[in-house]
Amino acid sequence: MSEAAQTLEGWYALHDFRSIDWTAWRLADAKDRNTALDELQSFLKEWQAVEEAGNGSTAFYSIVGQKADFVFMHLRETLEELNAIETAFNKTTFAQYTIPAHSYVSIVELSNYMAPPGTDPMQNPDIIARLKPVLPKWDHICFYPMNKRREGNDNWYMLSMDERKTMMRSHGMIGRGYAGKVKQIITGSVGFDNWEWGVTLFANDALQFKKLVYEMRFDEVSARFGEFGEFYVGNILTEEKLGQLLSL
Ligand code: 76R
């Protein structure tokens, strides 16, 4: 058996994608629409307070295209908290005007492929900060799930630790070229959802998503072993943008 990579886990993650039921929203009377907006805004404030207290983080983005209209990405200490957020949102007036579009459950994950041997990662404040990150409020988000292939000669899980380390080093070097332009959060989802990882990227220039993902396609670990699900891309929903989105 090949040696499993050691992983470190941080906050649990829920990506909650919703579509807006525009017909219902249009038909609602102004009073109901105001109640819906107020409730949504108070949830956003509550989540912001959780973030400021260091107990989690939430990102709120619109989604371009027909797969969904917006996404909440929540990070919390426990699966119970994520469940509670989801249920509380579902009970709001605003939720009555939304349709669940997609969801993804995972946990922030770092693996030890690049860790210097003989060090205790949990003594490293940078590592702790990456396991429990404050999600950037950058202009754009990109999310997609992925697997590492397990087929014939292209079985990631049958490779030796050294072979995987070499490939992950090359992967990491490409990624580093995007420092400051793209922030990535890798969440592990083996046992939690349909794919092995969720990849969440943030950037102020959306084109950098395409540049990074394309460059990685030529790198062995993605070229030979990467299998990808659906891509979701969108724009940050500030209070002002939210008002514009929902105004009729
Ligand atoms: O954690 C680290 O920074 C060390 C290096 C590193 C690891 C271990 C790293 C760096 N990644 C790691 C693990 Mn990554 N990453 C992806 C994708 O579209 C594709 O082809 C793949 C999707 C992107 C865009 C990306 C970006 N990475 C992983 C893993 C877990 C693998 C495992 O355990 O087998 C996956 C699935 C994955 C996928 N990666 C980086 C980036 C970027 C931008 C970096 C550089 C980070 C930095 O140094 O700032």
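Residues numbered from 1 in each chain as written. Predicted model: local features only at pLDDT ≥ 70, side-chain atom pairs only at ≥ 80, totals over all residues. Heavy atoms only, no water.

Can you lay out the overall build of the chain for me, pointing to particular residues and giving the numbers?
Counting secondary structure elements, the chain contains eight helices and eleven strands. If one aligns the C-alpha atoms of the chain with their principal axes, the spans along those axes are about 65 × 35 × 30 Å. Counting across all 248 residues of the chain, residues that qualify as buried make up 43%. The long-range fraction of contacts in the chain, counting pairs at least 24 apart against all pairs at least 6 apart in sequence, stands at 79%. With the model as given, the accessible surface of the chain reaches about 13300 Å², and the carbon-plus-sulfur share is 52%. Across the chain, 25 positive and 34 negative side-chain charges occur, with their mean positions spaced 4 Å apart. (Helix = DSSP H or I, 4+ residues; strand = E, 2+ residues; numbered from the N terminus. Buried < 20%, exposed > 50% of the residue type's maximum accessible area, 1.4 Å probe, protein only. Contact = heavy atoms within 4.5 Å. Areas by Shrake-Rupley, 256 points an atom, 1.4 Å probe, with all protein chains shown as cover. Lys, Arg positive; Asp, Glu negative; His and termini not counted. Charge placed at Lys NZ, Arg CZ, Asp CG, Glu CD.)

So what's going on with the pattern of salt bridges? Which residues, and what values?
In total, this model carries seven salt bridges according to the counting rule given. Note that lysine 137 and glutamate 51 form a salt bridge whose closest N and O atoms lie 3.1 Å from each other. With a gap of 86 residues between them, lysine 137 in the loop between helix H4 (125-131) and strand S5 (140-148) and glutamate 51 in helix H2 (residues 30-52) connect regions that are remote in the sequence. Of the residues examined, lysine 137 reaches a relative accessible area of 43% and is grouped as partly exposed. The network of salt bridges with shared partners includes Asp154, Glu220 and Arg224. (Salt bridge = Lys/Arg side-chain N within 4 Å of Asp/Glu carboxyl O.)

Run through the UniProt feature "binding site: Fe-coproporphyrin III" (unreviewed entry) in the chain, naming residues and quoting values.
The positions that UniProt labels "binding site: Fe-coproporphyrin III" (unreviewed entry) are, in the present scheme, Arg130, Tyr144, Pro145, Met146, Asn147, Lys148, His171, Gln184 and Ser222. Maximum C-alpha separation among the annotated residues is 22.7 Å over a sequence range of 93 residues, too wide for a single clustered spot. Following the sequence through the fold, tyrosine 144 ends up in strand S5. Here tyrosine 144 is in contact with Trp197, Gly198, Val199, Leu201, Val213, Phe228, Glu230 and Phe231, once residues within four sequence places are set aside. Filtering out sequence-adjacent residues up to four positions away, lysine 148 remains in contact with Trp156, Tyr157, Met168, Glu196, Trp197, Val221 and Phe225. (UniProt positions renumbered as here; feature names shortened; annotations may be inferred.)

Can you tell me about helix H3 (residues 79-90), naming the residues and giving the values?
Its twelve residues place the ends of H3 17 Å apart at the C-alpha level, agreeing with the 16 Å of an ideal helix rising 1.5 Å per residue. Structurally, H3 contributes buried residues whose contacts are with strand S1 (7-20), H2, strand S3 (70-76) and strand S4 (98-111). (Expected span 1.5 Å × (residues − 1).)

Tell me about the pairing of S5, and name the residues and values.
Within a regular strand, the side chains alternate between the two sheet faces. Along S5, nine of the nine residues are buried, which leaves the element largely enclosed by surrounding structure. Here S5 shows a buried face lined by His140, Cys142, Tyr144, Met146 and Lys148 and a second buried face lined by Ile141, Phe143, Pro145 and Asn147. Of the strand pairs in this sheet, S5 and strand S9 (residues 197-203) are connected by seven bridges, and their pairing is antiparallel. Bridging across to S9, phenylalanine 143 finds its partner in threonine 200. (Pairing = 2+ DSSP bridges.)

Now, about the coordination of the manganese atom of the ligand: what can you tell me, with residues and values included?
Each pair of donors in an ideal octahedron of six around a metal sits at 90 or 180 degrees, and each pair in an ideal tetrahedron of four sits at 109.5 degrees. With respect to protein ligation, the manganese atom of the ligand binds only His171 (NE2), at 2.2 Å. Looking at the element boundaries, histidine 171 is found in helix H5 (residues 161-176). (Donors = N, O, S within 2.8 Å, 3.2 Å for Na, K, Ca; no water.)

Tell me what's going on with the side chain of glutamine 208, and back it up with residues and numbers.
Note on placement: glutamine 208 falls in helix H6 (residues 207-217). Filtering out sequence-adjacent residues up to four positions away, glutamine 208 remains in contact with Tyr178, Lys181 and Val182.

Describe in detail the site of the ligand, supporting the description with residues and values.
For the ligand, the set of nearby residues contains 23 residues, the closest of which are Arg130, Tyr144, Lys148, His171 and Ser222. Between the ligand and arginine 130 there is a distance of 2.8 Å, counted from an oxygen atom to a side-chain nitrogen or oxygen. Here a nitrogen atom of the ligand sits 3.0 Å away from a polar atom, N or O, in the side chain of histidine 171. Counting only elements with at least two residues in the shell around the ligand, the list comes to S5, H5, strand S8 (182-188), S9 and H6. A per-class count over the shell around the ligand returns 14 nonpolar, six polar and three charged. (Near = heavy atom within 4 Å. Polar contact = N/O pair within 3.5 Å; in protein donor to acceptor, adjacent residues only side chain to side chain. Nonpolar A, V, L, I, M, F, W, Y, C, P; charged D, E, K, R; others polar.)

Which residues make up the environment of tryptophan 11, and what values go with them?
Inspection of the secondary structure assignment puts tryptophan 11 in strand S1. Since its relative accessible area comes to 3%, tryptophan 11 is described here as buried. With 65 residues separating them in the primary sequence, tryptophan 11 and arginine 76 have C-alpha atoms 5.2 Å apart. If we skip the residues at most four places from it in the chain, tryptophan 11 touches Gly54, Asn55, Gly56, Ser57, Leu75, Arg76, Glu77, Ile107, Val108, Leu131, Lys132 and Pro133. In this structure the side chain of tryptophan 11 is engaged in a polar contact, spanning 3.1 Å, whose partner is the side chain of glutamate 77.

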